[in-house]
Amino acid sequence: MKVIIINGSPKANGNTATALREVERILQQQGLETEFIHVGHRQIHGCTACNRCWDTGKCALNDLVNEIAEKVSEADGLLVGSPVYFASPSGTLLSLLDRLFYSNLHADWSMKVGAAVSIARRGGATATMDVLNKYFLKTNMPVVPSQYWPIAHGTSPGEVLQDEEGMQTMRQLALNMAFMIKSIRLGIEQFGSPKIKEEVVETHYIR
């Protein structure tokens, strides 16, 4: 069982990475394999709405997005972390996630477990969580809860460690994520996938 971890902060060792590493530590203690990927410092183009991914099954902008898509397809869970910028995730992370999820709508990521972490100086953390979790909710991916919203506070690198409640929330998030991954795997083996067997219906407000 494996979890892909994406650090959406430009800082490789900032507070977002510190919080994610705490989750990773507990996941590994629970017997899960992890892969930590730093993307916040990369130049990642936004979606161009070419829709070629509908025919090819991958993004036409052949870059890190397609590499991560292959990893997520083989994994059991996805953990995403972002600092808060104007009450929203980092722009680089949003570009990556928009393309990652849109270009893989054909893929079956249902019942892969999704979790998100946001790190703020002060405010905007829950708004950031709302944006990140909606990628999972659109894709039949169960979202991991914790004892509080998975947020922590800090400004200077390492300061997040002083947020005792925030770090404890990260550890509970990790325990819940490991439990969900293990339980879902057992459930699918016993009961099968709950994904609907009907042809997917897509409508808009005109028809």
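Residues numbered from 1 in each chain as written. Predicted model: local features only at pLDDT ≥ 70, side-chain atom pairs only at ≥ 80, totals over all residues. Heavy atoms only, no water.

Participant: Whenever I open this one, the overall build of the protein chain confuses me. Can you help?
Facilitator: Of the regular secondary structure elements, the protein chain holds 6 helices and 5 strands. Starting at the N terminus, the α and β elements of the protein chain follow one another as β-α-β-α-α-β-α-β-α-β-α. Taken against the 2.2 N^0.38 rule, which gives 17 Å for 207 residues, the C-alpha radius of gyration of the protein chain at 17 Å falls within 12% of a compact globule. Along the longest, intermediate and shortest principal axes, the C-alpha atoms of the protein chain span 50 × 40 × 30 Å. Expressed as a percentage of its 207 residues, the buried residues of the protein chain come to 47%. Partitioning the intrachain contacts of the protein chain with sequence separation of at least 6 by distance along the chain shows that 78% fall at a separation of at least 24. Of the roughly 11200 Å² of accessible surface on the protein chain, 51% is carried by carbon and sulfur atoms. (Helix = DSSP H or I, 4+ residues; strand = E, 2+ residues; numbered from the N terminus. Rg over C-alpha atoms; globule rule 2.2 N^0.38 Å. Buried < 20%, exposed > 50% of the residue type's maximum accessible area, 1.4 Å probe, protein only. Contact = heavy atoms within 4.5 Å. Areas by Shrake-Rupley, 256 points an atom, 1.4 Å probe, with all protein chains shown as cover.)

Participant: Looking at this structure, I do not really get the packing of aromatic side chains. What am I missing?
Facilitator: Two aromatic rings are characterised by how far apart their centres lie and by the angle between their planes. Applying the stated criterion across every chain yields a total of 5 aromatic pairs. Taken together, a centroid distance of 5.5 Å and an interplanar angle of 85 degrees make the contact between Phe101 and Trp109 edge-to-face. Taking the relative accessible area as the measure of exposure, Phe101 reaches 6% and is therefore buried. Under the relative-accessibility criterion, Trp109 is labelled buried at 2%. For the pair Phe101 and Phe136, a centre-to-centre distance of 6.3 Å together with 65 degrees between the ring planes defines the contact as edge-to-face. (Phe/Tyr/Trp six-rings, centres within 6.5 Å; stacked < 30°, edge-to-face > 60°.)

Participant: Is there a simple way to think about the nonpolar core in this case?
Facilitator: Among the nonpolar cores identified, the biggest contains 30 residues, and Val39, Ile68, Leu78, Leu96, Leu97, Leu100 and Phe101 are the most heavily contacted of them. Put simply, the parts of the chain that give this core at least two residues each are β1 (2-7), α3 (64-74), β3 (77-83), α4 (91-102), β4 (113-120) and α5 (125-137). Those residues in contact with Leu96, other than ones at most four positions away along the chain, are Ile6, Val39, Ile44, Leu64, Val65 and Ile68. One finds Ala17, Phe36, Ala115 and Val160 within the second-largest nonpolar core, a separate group that totals 27 residues. (Core = buried A, V, L, I, M, F, W, Y, C linked by side-chain atoms within 4.5 Å.)

Participant: Would you take a moment to explain the environment of Pro142 for this structure?
Facilitator: Looking at where Pro142 falls in the secondary structure, it is placed in the loop between α5 and β5 (151-153). The exposure class assigned to Pro142 is buried, which follows from its relative accessible area of 19%. Here the alpha-carbon distance between Pro142 and Thr16, two residues 126 residues apart in the chain, equals 22 Å. When residues no more than four places from it in sequence are discounted, the contact partners of Pro142 are Met111, Lys112, Val113, Gly114, Met180 and Ile184.

Participant: Would you mind going over a nonpolar patch on the surface with me for this structure?
Facilitator: Taken together, Trp54, Tyr102 and Leu105 make up a surface patch of nonpolar side chains, about 270 Å² in accessible area. Relative to the elements of secondary structure, Trp54 occurs in helix α2 (residues 53-56). (Patch = residues over 30% accessible without salt bridge, like charges linked within 9 Å, V, L, I, M, F, W, Y side chains within 5 Å. Salt bridge = Lys/Arg side-chain N within 4 Å of Asp/Glu carboxyl O.)

Participant: Can you help me understand unusual backbone geometry in this one?
Facilitator: Note on backbone geometry: most residues besides glycine have negative phi, and most peptide bonds are trans. Positive phi, normally seen in glycine, also occurs at Asn51, with a value near 65 degrees. In this fold, Asn51 is placed in the loop between β2 (33-38) and α2. The backbone of Met111 shows a phi angle near 70 degrees, a positive value even though the residue is not glycine.

Shape descriptors only; they carry no functional weight alone.
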